[in-house]
Amino acid sequence: MNQYEIAVLYHPDLEVDLTKAEDRVKKIITDNGGKVVATDNWGKRKLAYSISGNEHAVYVFYTVEMPGAGVQKVESTLNITDEVIRFLITRPDLKAIAKAEALKAEKAKKAAERGDSSDDEEKTEE
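So, here's what we can say about the structure. (Residues numbered from 1 in each chain as written. Predicted model: local features only at pLDDT ≥ 70, side-chain atom pairs only at ≥ 80, totals over all residues. Heavy atoms only, no water.)

**Re the packing of helix 1 (residues 19-31) against helix 2 (residues 68-79)**
Consideration 1: It is at 9 Å that the axes of helix 1 and helix 2 come closest, and there the two elements cross at 150°. What the angle tells us is that helix 1 and helix 2 run roughly antiparallel. As for the relative orientation of helix 1 and helix 2, their crossing is right-handed in sense. Residues V25, I28 and I29 of helix 1 touch helix 2, and the partners they reach there are V74, T77 and L78.
Consideration 2: Partitioned by chemical class, the residues of the contact of helix 1 with helix 2 number five nonpolar, one polar and no charged. (Axes fitted to C-alpha atoms, helices over the stretch in contact; angles between N-to-C directions. Helix = DSSP H or I, 4+ residues; strand = E, 2+ residues; numbered from the N terminus. Parallel < 35°, antiparallel > 145°, perpendicular 65-115°, else oblique. Left-handed = near helix turned anticlockwise from the far one by under 90°. Contact = heavy atoms within 4.5 Å. Nonpolar A, V, L, I, M, F, W, Y, C, P; charged D, E, K, R; others polar.)

Have a look at this one:
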């Protein structure tokens, strides 16, 4: 099973009742052998350019484990799904993510050794 990130832009009118549309996308993923690991809803945001006459969209990001063969089926199904304005399926660079996490932990460790914290820095600047 490969890990993928799926960014889905939903129609802005669905902001009030997004659960049905999300359930439909999750069903599409699970029907094609995938498993939704995490969901990150960014809410309604302004688009950089108009898509199908819409100036806004609801951004939802899914982290998915799915076999490579299921990706094309998910893409073709999302293409014809009415609630979805746009989508993007990518494979995350797991090595870069692990490296960034290690660097972040190292910086936090050094800051703890010095006795620094980001809250203290903000207070001294004011």
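**Details of the nonpolar core**
Side chains of nonpolar character tend, in soluble globular proteins, to be buried together.
Consideration 1: If you look at the biggest cluster of nonpolar residues, it comprises 19 residues, and the most contacted ones within it are I6, Y10, V25, Y62 and M66.
Consideration 2: Counting residues per element, the ones that place at least two in this core are strand 1 (2-10), helix 1, strand 3 (54-66), helix 2 and strand 4 (84-90).
Consideration 3: Broken down by element, this core gets its largest block of residues, five residues, from strand 3.
Consideration 4: With residues near it in sequence (within four places) discarded, I6 still touches I29, V60, F61, Y62, V64, M66, L88 and I89.
Consideration 5: Among the nonpolar cores identified, the runner-up in size contains six residues, and I51, A57, Y59 and I85 belong to it. (Core = buried A, V, L, I, M, F, W, Y, C linked by side-chain atoms within 4.5 Å. Buried < 20%, exposed > 50% of the residue type's maximum accessible area, 1.4 Å probe, protein only.)

**Details of the sheet that holds strand 1**
Consideration 1: Taken together, four strands build an open sheet; the order of strands is 2-3-1-4 and the sheet is antiparallel. Looking at which strands have only one partner, the edges of the open sheet turn out to be strand 2 (35-51) and strand 4. The mean angle between the axes of side-by-side strands here comes to 20°, regardless of whether they run parallel or antiparallel.
Consideration 2: Running over the sheet, helix 1 touches strand 1, strand 2, strand 3 and strand 4 and is turned about 120° from strand 2. (Pairing = 2+ DSSP bridges.)

**Focus: helix 3 (residues 94-114)**
Consideration 1: Its 21 residues place the ends of helix 3 30 Å apart at the C-alpha level, agreeing with the 30 Å of an ideal helix rising 1.5 Å per residue.
Consideration 2: Backbone geometry just downstream of helix 3 places G115 in the positive-phi region, at approximately 85°. (Expected span 1.5 Å × (residues − 1).)

**A closer look at the environment of Y4**
Consideration 1: Along the chain, Y4 turns up in strand 1.
Consideration 2: Residue classification places Y4 among the buried residues on the basis of a relative accessible area of 8%.
Consideration 3: Between the C-alpha atoms of Y4 and V64, which are 60 residues apart in sequence, the distance is 5.1 Å.
Consideration 4: When neighbours within four sequence positions are excluded, Y4 is seen to be in contact with Y62, T63, V64, M66, G68, V71, I89, T90, R91 and P92.
Consideration 5: A distance of 3.4 Å separates a polar atom in the side chain of Y4 from a polar atom in the side chain of N2. (Polar contact = N/O pair within 3.5 Å; in protein donor to acceptor, adjacent residues only side chain to side chain.)

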